[in-house]
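# Analysis of the macromolecular model
Listed here are the chains, written in short residue letters.
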Number of protein chains: 2
Amino acid sequence: MLKGTLQTIILKLLEDNNRMYGYEITQKVKELTTGEIMLTEGALYPALHKLEADGSLETFTEVVDGRARKYYRLTEQGGDEVKSKLSEAQAFIDQLQLLLNLKPIVK
Amino acid sequence: MLKGTLQTIILKLLEDNNRMYGYEITQKVKELTTGEIMLTEGALYPALHKLEADGSLETFTEVVDGRARKYYRLTEQGGDEVKSKLSEAQAFIDQLQLLLNLKPIVK
DNA sequence: TCTACATACATAAGAAAATTATGTATGTAG
DNA sequence: CTACATACATAATTTTCTTATGTATGTAGA
């Protein structure tokens, strides 16, 4: 029901960190959630590609220690996108909390 | 990413309300979330059928004002299922909040 | 040296879940 | 008699995620 959660997480991390590469994102999420949320590559990379195709992210490649890293950075449009996705996610989470914490209805 | 949210909402409502029928569930969710979450029939009915097939819900039909209502009620297994789904959802929401509320990292 | 594991990217096949579009049928209000 | 609300249901499509692969390099240990 909460669509685009992965995209929202990616955008938020890039808002806070300026530039990150895919593998780094998986490790950061794993670290921040103490292993409770593990991003799979099969979900992450297509999501990154889509965000780039949509114009929210831009990329540049650097070779570090002989391995290529594809860095992602927010575009200006991406900056707007984060704000809108974050408030959307918050609104949904708030409503969900409301529904799931319901007290029994006493008749 | 949060799979089974709709099922969790349904199960929680039935835990609080003992018995409900499909249309009633859509109206209750709409009312509680002031229209922010609207369940579509195409999602709701298949979800109810699946929960029944899984043994979490049982049904009985009543005719009210000439219209048939198919009521759903939690089974004992469904009662266990609610608890487990609720704590799973809460854990996920907590981690998501953590990720989405991150402060910028000052370097 | 060879093996295992971590780093780093990517795609394809399939499953799961939702949206959108229909369809049936009855009651009520104008 | 028309429109809208009530009440259920399914089919087609789309979206999103999981699982399974595949390539390639660096590092640590046996």
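Refer to the structure presented above.
Let us look at the structure shown here. (Residues numbered from 1 in each chain as written. Chains lettered and ligands numbered in written order. Predicted model: local features only at pLDDT ≥ 70, side-chain atom pairs only at ≥ 80, totals over all residues. Heavy atoms only, no water.)

## Considering the overall build of chain A
- Broken down by element type, chain A carries four helices and three strands.
- Secondary structure of chain A in N-to-C order comes out as α-β-α-α-β-β-α.
- For chain A, whose C-alpha radius of gyration is 17 Å, the value lies well above the compact-globule estimate of 13 Å for 107 residues.
- Here the C-alpha coordinates of chain A stretch approximately 70 × 30 × 20 Å along the principal axes.
- Across the 107 residues that make up chain A, the buried fraction comes to 45%. (Helix = DSSP H or I, 4+ residues; strand = E, 2+ residues; numbered from the N terminus. Rg over C-alpha atoms; globule rule 2.2 N^0.38 Å. Buried < 20%, exposed > 50% of the residue type's maximum accessible area, 1.4 Å probe, protein only.)

## Remarks on the protein's contact with DNA strand C
- Close contacts around DNA strand C come from 21 residues, with Tyr21(A), Tyr23(A), Arg69(A), Lys70(A) and Arg67(B) the closest.
- At the protein interface, 69% of the atoms of DNA strand C within 4 Å belong to sugar or phosphate.
- In this structure, a phosphate oxygen belonging to DNA strand C sits 3.3 Å away from a main-chain N or O atom of Gly22(A).
- Listing elements by their share of the surface near DNA strand C, those giving two or more residues are α2 (22-32), α3 (41-53) and β3 (67-74) of chain A together with α3 (41-53) of chain B. (Near = heavy atom within 4 Å. Polar contact = N/O pair within 3.5 Å; in protein donor to acceptor, adjacent residues only side chain to side chain.)

## As for the relation of the copies chain A and chain B
- Structural alignment of chain A on chain B gives an RMSD of 0.0 Å, achieved by rotating through 180° and translating 0.0 Å along the axis. What we have between these two chains is a two-fold relation.
- Comparing interface residues between copies, 100% of those in chain A also lie at the interface in chain B; the contact surface is shared. (Least-squares fit on C-alpha atoms with pLDDT ≥ 70 in both. Contact = heavy atoms within 4.5 Å.)

## Here we look at the pattern of salt bridges
Residue and element names in this part refer to chain A.
- Counted by the stated rule, this structure contains 10 salt bridges over all chains.
- A salt bridge links Asp-16 to Lys-12; the nearest nitrogen and oxygen atoms lie 3.5 Å apart. With Asp-16 and Lys-12 both in helix α1 (residues 5-17), this residue pair falls four residues apart, about one helical turn. Taken individually, Asp-16 and Lys-12 each receive the classification buried, so the pair is uniform in this respect.
- When the shortest N-O distance is used, the salt bridge between Glu-58 and Arg-73 registers 3.4 Å. Of this pair, Glu-58 sits in strand β2 (residues 57-64) while Arg-73 sits in strand β3; the two residues are 15 residues apart in sequence, bridging distant segments of the chain.
- The class for Glu-58 is partly exposed, based on a relative accessible area of 35%. (Salt bridge = Lys/Arg side-chain N within 4 Å of Asp/Glu carboxyl O.)

## Some details on the interface of chain A and chain B
- Between chain A and chain B, the residue contacts involve 34 residues of the former and 34 residues of the latter.
- Summed over both sides, the interface between chain A and chain B buries roughly 3100 Å², with carbon and sulfur atoms accounting for 70% of that surface.
- Counting across the chain A and chain B interface gives zero salt bridges.
- For the pair chain A and chain B, the number of links is four residue pairs in polar contact (both at pLDDT 80 or more).
- Elements with a minimum of two residues in the side of chain A that touches chain B: α1, α2 and α4 (76-100) of chain A.
- Among the elements that make up the side of chain A that touches chain B, the one with the highest residue count is α4(A) (12 residues). (Buried area = accessible area lost by both parts, 1.4 Å probe.)

## Some remarks on the protein's contact with DNA strand D
- Near DNA strand D lie 21 residues; those nearest to it are Arg67(A), Tyr21(B), Tyr23(B), Arg69(B) and Lys70(B).
- Considering DNA strand D, the proportion of its atoms within 4 Å of the protein that are sugar or phosphate atoms stands at 71%.
- A distance of 2.6 Å is found between a sugar or linking oxygen of DNA strand D and a side-chain nitrogen or oxygen belonging to Arg67(A).
- Between Tyr21(B) and DNA strand D, the recorded distance is 2.8 Å, taken from a side-chain N or O atom to a phosphate oxygen.
- Sorting the residues of the surface near DNA strand D by element identifies α3 of chain A together with α2 (22-32), α3 and β3 (67-74) of chain B as the ones contributing at least two each.

Function cannot be read off these values alone, since they describe shape.
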